[in-house]
Amino acid sequence: TKFPTARIKRIMQADEEVGKVAQQTPIAVGKALEMFMVALVTKSADVAREKNSKRVSAQMLKQVVESDDQWDFLREI
């Protein structure tokens, strides 16, 4: 994955309720994070293309989050 597994493990273990973390767990979380980012950025790129823009802006990310129920958990932030 593109995300550092040691950092993911450290973030996971920052939670007091999380005990030991299996070696494969941060790798799986990193891959899931990578897939999440690809999906979100791809949808945002589609919005950018619709607006004839070469850049994805925060407003375009916001539009994706607000227009699709798949991303509703991000609406608070």
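Residues numbered from 1 in each chain as written. Predicted model: local features only at pLDDT ≥ 70, side-chain atom pairs only at ≥ 80, totals over all residues. Heavy atoms only, no water.

> I keep staring at the UniProt feature "domain: Transcription factor CBF/NF-Y/archaeal histone" (unreviewed entry) in the chain and nothing clicks. Help me out?
The positions that UniProt labels "domain: Transcription factor CBF/NF-Y/archaeal histone" (unreviewed entry) are, in the present scheme, residues 2-65. Spanning residues 2-65, this segment combines 69% helix with 0% strand, and its end C-alpha atoms are found 23 Å apart. (UniProt positions renumbered as here; feature names shortened; annotations may be inferred. Helix = DSSP H or I, 4+ residues; strand = E, 2+ residues; numbered from the N terminus.)

> What exactly am I supposed to notice about the packing of helix α1 (residues 5-13) against helix α2 (residues 24-50) here?
Two numbers describe a pair of packed helices, the interaxial angle and the distance between the axes. Look at α1 against α2: their axes get within 9 Å of each other, and the N-to-C directions meet at 100°. By the angle between their directions, the pair α1 and α2 is classed as roughly perpendicular. Two secondary-structure elements touch here, α1 through Thr5, Ile8, Lys9 and Met12 and α2 through Thr25, Pro26, Ile27, Val29 and Gly30. Residues of the contact of α1 with α2, tallied by class, amount to five nonpolar, three polar and one charged. (Axes fitted to C-alpha atoms, helices over the stretch in contact; angles between N-to-C directions. Parallel < 35°, antiparallel > 145°, perpendicular 65-115°, else oblique. Contact = heavy atoms within 4.5 Å. Nonpolar A, V, L, I, M, F, W, Y, C, P; charged D, E, K, R; others polar.)

> I'm lost on unusual backbone geometry in this one. Help?
Backbone phi values are negative for most residues with the exception of glycine, while trans is the configuration of most peptide bonds. At Asn52, a residue that is not glycine, the phi angle is positive and equals roughly 55°. Residue placement: Asn52 occurs in the loop between α2 and α3 (58-67).

> Sorry, what's going on with the side chain of Ser44 here?
Note on placement: Ser44 falls in helix α2. Looking at Ser44, its side chain comes within polar contact range of the main-chain oxygen of Leu40, at 2.9 Å. Apart from the residues lying within four places of it in its own chain, the contact partners of Ser44 are Val56, Met60, Leu61 and Val64. (Polar contact = N/O pair within 3.5 Å; in protein donor to acceptor, adjacent residues only side chain to side chain.)

> What is the right way to look at the packing of α2 against α3 in this model?
As a packed pair, α2 and α3 sit with axes 9 Å apart at the nearest point and diverge in direction by 110°. Between α2 and α3, the angle is such that the two are roughly perpendicular. Taking contact as the criterion, the partners of Leu40, Lys43, Ser44, Val47 and Ala48 in α2 are, on α3, Met60, Leu61, Gln63, Val64 and Val65. The residue makeup of the contact of α2 with α3, split by class, is seven nonpolar, two polar and one charged.

> Which parts of the structure should I look at to understand the pattern of salt bridges?
Throughout the structure, instances matching the rule amount to four salt bridges. For Asp68, the salt bridge goes to Lys43, with nearest N and O atoms at 3.7 Å. Taken together, the residues Asp68 in the segment after α3 and Lys43 in helix α2 connect sequence positions 25 residues apart. The salt bridge partner of Arg75 is Asp69, with a shortest N-O separation of 3.4 Å. Judged by its relative accessible area of 38%, Arg75 falls in the partly exposed class. (Salt bridge = Lys/Arg side-chain N within 4 Å of Asp/Glu carboxyl O. Buried < 20%, exposed > 50% of the residue type's maximum accessible area, 1.4 Å probe, protein only.)

> Can you walk me through the packing of aromatic side chains in this structure?
Each aromatic ring pair is described using two quantities: the centre-to-centre distance and the angle formed by the ring planes. Applying the stated rule across the entire model yields two aromatic pairs. Ring centres 6.1 Å apart and planes at 45° place the aromatic pair Phe36 and Phe73 in the tilted group. A residue pair is termed long-range when its members are at least 10 positions apart, and Phe36 in helix α2 and Phe73 in the segment after α3 qualify at 37 residues. The exposure class of Phe36 is partly exposed, given its relative accessible area of 25%. (Phe/Tyr/Trp six-rings, centres within 6.5 Å; stacked < 30°, edge-to-face > 60°.)

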